[in-house]
Amino acid sequence: EEHLQAGRLDPAEAMARHMLETNPEDAAAHVAWARIASQRGNVDEGIRRLERLLAQQPKHPGGLAWLAVMWGDKGDAERALLLARRAVALGARVAQTDVMLGDDGRLRGALDEALSYFDSAVAQNPRVAAGWVGRGRVQRAQGNLAEAEDAFARAVEAAPLRLDAWVNLVEVELEGGAEDAAFDNLALALRAHPGHPQLLAIKNAAEQRKLEGDPLEG
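What comes next is a walk through the structure.

Procedures and definitions
- Residues numbered from 1 in each chain as written.
- Predicted model: local features only at pLDDT ≥ 70, side-chain atom pairs only at ≥ 80, totals over all residues.
- Heavy atoms only, no water.
- Phe/Tyr/Trp six-rings, centres within 6.5 Å; stacked < 30°, edge-to-face > 60°.
- Lys NZ or Arg CZ within 6 Å of the ring centre and 35° of its normal.
- Helix = DSSP H or I, 4+ residues; strand = E, 2+ residues; numbered from the N terminus.
- Polar contact = N/O pair within 3.5 Å; in protein donor to acceptor, adjacent residues only side chain to side chain.
- Contact = heavy atoms within 4.5 Å.
- Axes fitted to C-alpha atoms, helices over the stretch in contact; angles between N-to-C directions.
- Parallel < 35°, antiparallel > 145°, perpendicular 65-115°, else oblique.
- Left-handed = near helix turned anticlockwise from the far one by under 90°.
- Nonpolar A, V, L, I, M, F, W, Y, C, P; charged D, E, K, R; others polar.
- 1 Å grid on protein atoms, 1.4 Å probe; cavity = no way out; pocket = protein on both sides within 12 Å on 5 of 7 lines; lining within 4 Å.
- Points joined across faces, edges and corners; volume = space filled by probe spheres on them.

Turning our eyes to something else, we now look at the packing of aromatic side chains. Taken as a whole and judged by the stated rule, the model has 0 aromatic pairs. Over the ring of Trp-71 we find Arg-79; its NZ or CZ atom is 4.0 Å from the centre of that ring.

Let's shift gears to the side chain of Ser-120. Along the polypeptide, Ser-120 turns up in helix H8 (residues 111–124). A polar contact of 2.7 Å, which involves the side chain of Ser-120, links it to the side chain of Asp-98. Filtering out sequence-adjacent residues up to four positions away, Ser-120 remains in contact with Arg-93 and Asp-98.

Right, let's get into the packing of helix H3 (residues 27–39) against helix H5 (residues 61–73). Closest axis-to-axis distance for the H3/H5 pair is 10 Å, and the angle between their directions is 15 degrees. When the interaxial angle is binned, H3 and H5 end up roughly parallel. Between H3 and H5 the crossing geometry is left-handed. Along its contact with H3, which presents Val-31, Ala-34, Arg-35 and Ser-38, the element H5 presents Gly-62, Gly-63, Trp-66, Met-70 and Asp-73. Taken together, the residues of the contact of H3 with H5 break down into 4 nonpolar, 3 polar and 2 charged.

The computed volume of the largest pocket comes to approximately 420 Å³. As for the largest pocket, its lining consists of 18 residues, and the residues nearest its centre are Arg-35, Gln-39, Trp-66, Val-69 and Gln-96. Put simply, the parts of the chain that give the lining of the largest pocket at least two residues each are helix H1 (2–6), H3, H5 and helix H7 (95–108). For the lining of the largest pocket, the element with the most residues is H5, which contributes 5 residues. Here the lining of the largest pocket is built from residues that sort into 7 nonpolar, 7 polar and 4 charged. Counted as a void, the second largest pocket has a volume near 220 Å³. Glu-1, Leu-4, Met-19, Ala-28 and Ala-32 are the residues nearest the centre of the second largest pocket, which is lined by 14 residues in total. Elements with a contribution of two residues or more to the lining of the second largest pocket: H1, helix H2 (9–22) and H3.

Just distances and angles here, no functional claims.
This is how it looks when you write it as structure tokens:
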């Protein structure tokens, strides 16, 4: 699991192969192999392997959870959510499915429900940046700007190239009046995404507000 979370696919594959050689019916090894295939860009192969596993073990929580993740990657959100709900009901503990259910709750306006899923996601795997972004969005919607800022900062730490993490971090800092921190992070964001129009628009708007609000600057 540690190899898979860190993206070390070769040692993960070697371990999964050894597990299957020892026991060809090892469900955890089949799930790991499917995840390896998906992370290498062969999502269809991952789905096929999980569907074969679930044909024999239809209530396997991990198989259902990762199948949900893969169908989400394929763009079938409705199927992914159905699988994710079933997996969680059966006791699955997979950060990515919790993020999926958290996003669904947030979009429905069920913020407390969404927050519980995002909290579960980041507790299981702090490297899943989407969990921190979701947590930050819920906290921001609830008016907890300090909590939101912390969550977005954790998202940036987990995924330094994730644009929406930077955008949300800068916006919530500006919203909370932490302009110096916002401009520092905006500079870092533009270093990661040079010339990005969304970041430049935020920068221009913030600079304009600063000029309008400060007679000396004006």
